[in-house]
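Analysis of the macromolecular model
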Amino acid sequence: MSLDHPLNSLGFAKPPSETRVVVAMSGGVDSSVVAAQLAEEGYDVVGVTLQLYDHGAALAKKGACCAGRDIHDARRVAEEMGFPHYVLDYENIFQEAVIDEFADSYLAGATPVPCIRCNERVKFKDLLQTAKDLDADCMATGHYIQRMMGPNGAELHCAADANRDQSYFLFSTTPEQLDYLRFPLGHLPSKDATRALATKYGLAVADKPDSQDICFVPNGNYASVIEKLRPGAAEPGKIVDTDGNVLGDHRGVIHYTIGQRRGLGIGGLADPLYVVKLDVDNRQVVVGPKELLATRRVPIREINWLGDGAFTDVAEREISVKVRSTRPPAPAILRAISDTEAEVELLTPEEGVSPGQACVFYDPESTRILGGGWIWKGN
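In short, a report on the structure. (Residues numbered from 1 in each chain as written. Predicted model: local features only at pLDDT ≥ 70, side-chain atom pairs only at ≥ 80, totals over all residues. Heavy atoms only, no water.)

This part is about the pairing of strand β1 (residues 20-24). β1 sits mainly inside the fold: 4 of its 5 residues count as buried. Where β1 lies against strand β2 (residues 44-51), 5 bridges are found, and the strand directions are parallel. What sits directly across from Val-23, in β2, is Gly-47. For the crossover from β1 across helix α1 (residues 29-40) to β2, the handedness is right-handed. (Buried < 20%, exposed > 50% of the residue type's maximum accessible area, 1.4 Å probe, protein only. Helix = DSSP H or I, 4+ residues; strand = E, 2+ residues; numbered from the N terminus. Pairing = 2+ DSSP bridges. Right-handed = clockwise from strand over helix to strand, strands pointing away.)

Okay, the nonpolar core next. One recurring pattern in soluble globular proteins: nonpolar side chains tend to sit buried together. Ranked by internal contacts, the top residues of the largest apolar core, which has 52 residues, are Leu-52, Phe-94, Val-122, Met-139 and Phe-216. Ranked by size, the runner-up nonpolar core spans 30 residues in total, among them Phe-12, Ala-35, Ala-78 and Leu-188. (Core = buried A, V, L, I, M, F, W, Y, C linked by side-chain atoms within 4.5 Å.)

Another point: α1. Between the first and last C-alpha of α1 there are 16 Å, a value that for 12 residues agrees with the 16 Å anticipated at 1.5 Å per step. Most of α1 is tucked away, with 11 of its 12 residues classed as buried. Its buried side turned inward, α1 meets β1, β2, α2 (68-81), β4 (138-140) and α6 (191-200). Of the residues one or two after α1, Gly-42 is the one with positive phi, at around 95 degrees. (Expected span 1.5 Å × (residues − 1). Contact = heavy atoms within 4.5 Å.)

What follows deals with the packing of aromatic side chains. Overall, the coordinates contain 8 aromatic pairs when judged by the stated rule. Considering the side-chain rings of Phe-94 and Phe-216, the 5.7 Å spacing of their centres and the 75 degrees angle between planes classify their relative orientation as edge-to-face. In this pair, Phe-94 sits in helix α3 (residues 91-107) while Phe-216 sits in the loop between α6 and α7 (222-229), placing the two residues 122 residues apart along the sequence. An angle of 70 degrees between the planes, with centres 5.5 Å apart, marks the rings of Tyr-106 and Tyr-222 as edge-to-face. Within this pair, whereas Tyr-106 is found in helix α3, its partner Tyr-222 is found in helix α7, the two being separated by 116 residues in sequence. Looking at Tyr-106, the relative accessible area reads 7%, which means it is buried. Since its relative accessible area comes to 25%, Tyr-222 is described here as partly exposed. Through a chain of ring-to-ring contacts, the aromatic side chains of Phe-94, Phe-102, Tyr-106, Phe-216 and Tyr-222 assemble into a single cluster. Just above the ring of Tyr-180 sits the side chain of Lys-132; from NZ or CZ to the centre is 5.1 Å. When the ring centre of Tyr-144 is taken as reference, the NZ or CZ atom of Arg-164 above it lies at 5.4 Å. (Phe/Tyr/Trp six-rings, centres within 6.5 Å; stacked < 30°, edge-to-face > 60°. Lys NZ or Arg CZ within 6 Å of the ring centre and 35° of its normal.)

Nothing here speaks to function; it is geometry throughout.
Here it is in structure tokens:
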């Protein structure tokens, strides 16, 4: 094909009909719209859905991705739009790469974010390789994030709709993966616009509710899942203050999170107390006043750098960061220690910064995501 051919909407210098794209289909409205839109534009679309866990027990469960109902919905969209669809059994990979680490991290007193690990280790690794094995030119997903071409190649940018932006969950996307990935929904102004497209294409999932929970954690009850995965994990212990004084009993460290105030069962005190530390080795929940939750210096490791040049080229950078998905980016100073480690200094201390969460880097002057890493020590 001549290089003089104009670039198609996915950035390739050839007609859509000669451009194969694998669409990662969860069965929800977002990825269904991506697949339908690309099929309508004439692309050679192949839909792929991952079976990530035993969905038999989840058939009646609403609000989570990748269950049996969702596989059915993805297959139906493919049939309606006339493109092939495959279901791949990734249960073992998902168990090893995501669920086991989730359980172990929680037992170690961390607050893991398994959706990031799923993108990093399953969808953008194994599934992406499957797309290449199918001779696809690229892989498209329904994530709300933007891929833009910059002077040094593909860049990752926040979604146009800040309320839907998923940059926190995609910071570990590597430059090589970013070259191959496409995010057709990132420029849309709202979820309503996505649902309008679903209605336009006549998709049965147009009014399907968004997934809310982690797909393998029914109703957001982390502790019950951990107890099934690691029997005996919910051993009781003592609630103590920062001086070691016993204030009460708890029913297992896994039932508590950093920053928690309610449900401690130690009322009657003059000032409210918060969980400030989880001491797994001694089976203690440590509580203290709110000011002890404030964190200014955050140690980061497993850094994925998406900015220009090498991460260690600059010793100190003024950036913005998110230390949890629900907070807006806040001003910070990023100090490189090595290619994979750094310290982040928050200009305004944040409460409840917890090991196991991600710290995502943003360019304060634009919408660009500069990468991020994992918080590995708390207060």
